[in-house]
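So the chains spell out like this:
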Amino acid sequence: MALLNILQYPDPRLHNVAKPVAQVDDRVRAIVADLFETMYAAKGVGLAATQVDIHERIIVVDTSEQRDQPMVLINPQIVERSADCKEWEEGCLSLPGVYDKVVRPDRIRVRALDARGESFEIDADGLLAVCVQHEMDHLEGKVFVDYLSSLKRNRIKARMRKRQRETEAV
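Remember, predicted model here, so these are calculated numbers, not experimental data.

Caption draft 1: Inspection of the environment of I58 at higher detail. Among the secondary structure elements, I58 is positioned in strand 2 (residues 58-61). Once the C-alpha coordinates of I58 and A112 are considered, the two residues, 54 residues apart in sequence, prove to be 9.5 Å apart. Other than its neighbours up to four places away in sequence, I58 contacts V21, V28, I31, V32, L35, L47, A48, A49, L73, I74 and L139.

Caption draft 2: Seen up close, the packing of aromatic side chains. If you walk through the whole model with that rule in mind, you get 1 aromatic pair. Pairing F36 with Y40 gives two aromatic rings, centres 5.9 Å apart and planes at 20 degrees, and the pair type is stacked. You can see F36 and its partner Y40 sitting in helix 1 (residues 26-41), 4 residues apart, about one turn around the helix. In this structure Y40 comes out as partly exposed when scored by relative accessible area, which is 29%. The ring of Y147 has K142 lying over it, and the distance from NZ or CZ to the ring centre is 4.1 Å.

Caption draft 3: Just the environment of A18, in detail. Relative to the helices and strands, A18 resides in the segment before helix 1. A relative accessible area of 6% places A18 in the buried class. Here the alpha-carbon distance between A18 and E56, two residues 38 residues apart in the chain, equals 4.6 Å. Ignoring any residue separated from it by four or fewer positions in sequence, one finds A18 in contact with T50, H55, E56, R57 and L139.

Caption draft 4: Inspection of the side chain of Q133 at higher detail. In this structure, Q133 sits in helix 2 (residues 126-139). Q133 sits in the buried class, given a relative accessible area of 5%. A distance of 3.0 Å separates a polar side-chain atom of Q133 from the backbone oxygen of A129. Once residues within four sequence positions are removed from consideration, Q133 is found in contact with I78, R104, P105 and I108.

Thresholds, definitions, all that
Residues numbered from 1 in each chain as written. Predicted model: local features only at pLDDT ≥ 70, side-chain atom pairs only at ≥ 80, totals over all residues. Heavy atoms only, no water. Helix = DSSP H or I, 4+ residues; strand = E, 2+ residues; numbered from the N terminus. Contact = heavy atoms within 4.5 Å. Phe/Tyr/Trp six-rings, centres within 6.5 Å; stacked < 30°, edge-to-face > 60°. Buried < 20%, exposed > 50% of the residue type's maximum accessible area, 1.4 Å probe, protein only. Lys NZ or Arg CZ within 6 Å of the ring centre and 35° of its normal. Polar contact = N/O pair within 3.5 Å; in protein donor to acceptor, adjacent residues only side chain to side chain.

Encoded structure:
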């Protein structure tokens, strides 16, 4: 297993659309293990392969308090969305320290493959639903700040670029 480098917004690679995984094999399982190690080390609840510059449709999540309910979703698809939406404050490992409110469907049903390549479906609500939708957005090249006004997004982009320059100067 390895800790992977998480791309920081506004890195253009975050806007790449991920390709479907053709076969779940040892290579994909190694990516999954690295994603979990990276997510847990960064104290996140979800991570998409796109965020570590691997443009394949793989996400990992663990929204449990004890951090003991890891979930792998390979080639995830939302097959049902509730009409009810809820506003949640979201953050992102690609935008450390940045949080804002995003409105999303409150409940979803997702079909995906697990780490053995077997198909399954889950019903998700609350934080799990938000997390899965947020990570699936990454697979489509979308970052949560894309839901914000252009004014907010440009301020965040400027702040992130400034932080990046300061980090590089050290």
